[in-house]
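Secondary and tertiary structure notes
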Amino acid sequence: MNALEKLEKIKIDVETALAEAKGAQEVDSVRVKYLGRKGELTSILRSLSDLSKEEKAEVGKRANILKGELVAKFTQAQNAMESEQSNSVGKEIDVTLPGIAPRVGTVHPLTRVMVRINEILISLGFKIAEGPEIESEFYNFEALNIPLDHPSRDAFDTFYIDKEYLLRSHTSNVQIHVMQNQAPPLQVIMPGRVYRPDAVDASHSFMFHQVEGLMVDKGIKFSDLKGVLSMFCKTMFGKDIETRLRPHFFPFTEPSCEVDISCIMCMGKGCRVCSGNGWLEILGAGMVNPKVFESVGYDPNEYTGFAFGMGVERIAMLLYGIEDIRLFYENDVRFLKQFK
Ligand code: DAH
């Protein structure tokens, strides 16, 4: 078979193959067989140089014309297959089926609880303030009456960035910034992230969230603290919830207390969640230590104030009955989508 005969045969073979091809993929493999890099027509075009001058002119011309024709045929066949495919897809549509609902995200449970805490306290007259997460020793410790050698610093001492700066271990640092920038009276809440050298387990995380509170004015009394916190707890957990203040120690408050609420699971009867004693510890609080006022230049003889700090994760876990703190940080949608 000479080259011209081969071209004739290719033309017929392609037509037959295309007539038999089922689907776009088969059309494409026919195309590759003839026009691909090692295709039959391609190799004829490549070997033109082996032919005599006259043959080359004739075969070259015919081969190029054929190539043009084949390209057009393949395109046409491909288009035909595609439109057939989309027609048949169209035929399968059942307009009576329910539509596909778009996936709508939900607010993260921690954000939800944090917003709720803020709302309640804002309704009691507090304003939001924010402060840095990368903090100097002065704001995180010294100004809060936690000196270098104080034992309570151990639980907090961590994540130093250099000799002076560290990731804050509580939101109490913001108290100092606020008081340095504003004169009393003031009534602020300070929500944010904090960092601790805690090994991660079901109830500990190296990072969690707190909301801090601070109120300073002439004549602020411990009973004001008690009133604000019991009002807060009743609004947050339910009107039948009791609060109890237990003496405690914090360097930045004097006197200090821990605040418990009657167990929201068993209403104080005693259950697994409250370890049988009917109370759940919920936050730390106290009257601002005069030393803290001195460190920001407030006169402790003129002003008094109270402060408190609560863990957002702890409250969210109690409210939703979540038993593992790690669930908050894993971004598992099966967990997150339950909070609608
Ligand atoms: N900073 C304390 C902590 O992280 C919480 C706290 C307790 C804050 C008593 C206060 C307070 O403002 O008065 O454990």
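This is a predicted model, so every value here is computed, not measured.

Digging into the overall build of the protein chain
Regarding its fold elements, the protein chain presents 11 helices and 9 strands. What you see for the protein chain is a C-alpha radius of gyration of 38 Å, clearly larger than the 20 Å of a compact globule of 340 residues, by over 25%. By the burial criterion, 41% of the 340 residues in the protein chain qualify as buried. Within the protein chain, contacts between residues separated by at least 24 positions form 66% of all contacts whose residues are at least 6 apart in sequence. Surface accessibility of the protein chain: about 19,100 Å² in total, with carbon and sulfur atoms responsible for 54%. Charged side chains of the protein chain number 40 positive and 47 negative; the gap between the two group centres comes to 6 Å.

Details of the nonpolar core
Counting 45 residues, the largest nonpolar core has Ile-117, Leu-121, Phe-237, Ile-282, Phe-306, Phe-308 and Met-310 as the members making the most contacts within it. Elements with a contribution of two residues or more to this core: helix 5 (109-123), strand 5 (207-217), helix 8 (222-237), strand 7 (253-262), strand 8 (279-288), strand 9 (304-311), helix 10 (312-320) and helix 11 (333-336). In contact with Phe-237, other than residues within four places in its own chain, are Ile-261, Ile-264, Ile-282, Ile-315 and Leu-319. Counting residues in each nonpolar core, the second largest holds 26 residues, with Tyr-139, Leu-166, Met-190 and Val-292 among its members.

Concerning the domain arrangement of the protein chain
The domains assigned to the protein chain are domain 1 (3-90) and domain 2 (109-336). Computed from C-alpha atoms alone, the centre-to-centre distance between domain 1 and domain 2 is 77 Å.

Observations concerning the environment of Asn-118
Among the secondary structure elements, Asn-118 is positioned in helix 5. The buried category is assigned to Asn-118, whose relative accessible area is 10%. Linking Asn-118 and Ile-128, residues 10 residues apart in sequence, is a C-alpha distance of 7.9 Å. Residues within four places of Asn-118 in sequence aside, it is in contact with Ile-128, Ile-189, Pro-191 and Val-211.

So, the sheet that holds strand 8
Strands pair in a sheet through their backbones, by hydrogen bonds, and they do so in one of two ways: parallel or antiparallel. Here 7 strands make up an open sheet; going across it, the order is 1-4-5-9-8-7-6 and the pairing mixed. Two strands bound the open sheet, and with one partner strand each, they are strand 1 (127-128) and strand 6 (243-250). Where strand 6 and strand 7 come together, 7 bridges link them in antiparallel fashion. Residue pairing across strands places His-248 opposite Ser-256, the latter belonging to strand 7.

Section: helix 7 (residues 173-181)
Most of helix 7 is tucked away, with 7 of its 9 residues classed as buried. Asn-173, Val-174, Gln-175, Ile-176, His-177, Val-178 and Met-179 are the residues of helix 7 that are buried. As for helix 7, its buried residues are in contact with strand 2 (134-136), helix 6 (137-140), strand 4 (186-195), strand 5, helix 9 (290-296) and strand 9.

Brief notes about the packing of aromatic side chains
Centre-to-centre distance and the angle between the planes together describe a pair of aromatic rings. In the structure shown here, the tally under the stated rule is 10 aromatic pairs. An angle of 80° between the planes, with centres 6.1 Å apart, marks the rings of Phe-126 and Phe-308 as edge-to-face. Remark: Phe-308 occurs in strand 9 and Phe-126 occurs in the loop between helix 5 and strand 1; sequence separation between them is 182 residues. Each member of the pair Phe-126 and Phe-308 is classed as buried. Here the aromatic rings of Phe-138 and Tyr-139 are separated by 5.2 Å at their centres, their planes lie at 90°, and the arrangement is edge-to-face.

The rules behind the values
- Residues numbered from 1 in each chain as written.
- Predicted model: local features only at pLDDT ≥ 70, side-chain atom pairs only at ≥ 80, totals over all residues.
- Heavy atoms only, no water.
- Helix = DSSP H or I, 4+ residues; strand = E, 2+ residues; numbered from the N terminus.
- Rg over C-alpha atoms; globule rule 2.2 N^0.38 Å.
- Buried < 20%, exposed > 50% of the residue type's maximum accessible area, 1.4 Å probe, protein only.
- Contact = heavy atoms within 4.5 Å.
- Areas by Shrake-Rupley, 256 points an atom, 1.4 Å probe, with all protein chains shown as cover.
- Lys, Arg positive; Asp, Glu negative; His and termini not counted.
- Charge placed at Lys NZ, Arg CZ, Asp CG, Glu CD.
- Core = buried A, V, L, I, M, F, W, Y, C linked by side-chain atoms within 4.5 Å.
- Domains from an automatic or database assignment.
- Pairing = 2+ DSSP bridges.
- Phe/Tyr/Trp six-rings, centres within 6.5 Å; stacked < 30°, edge-to-face > 60°.

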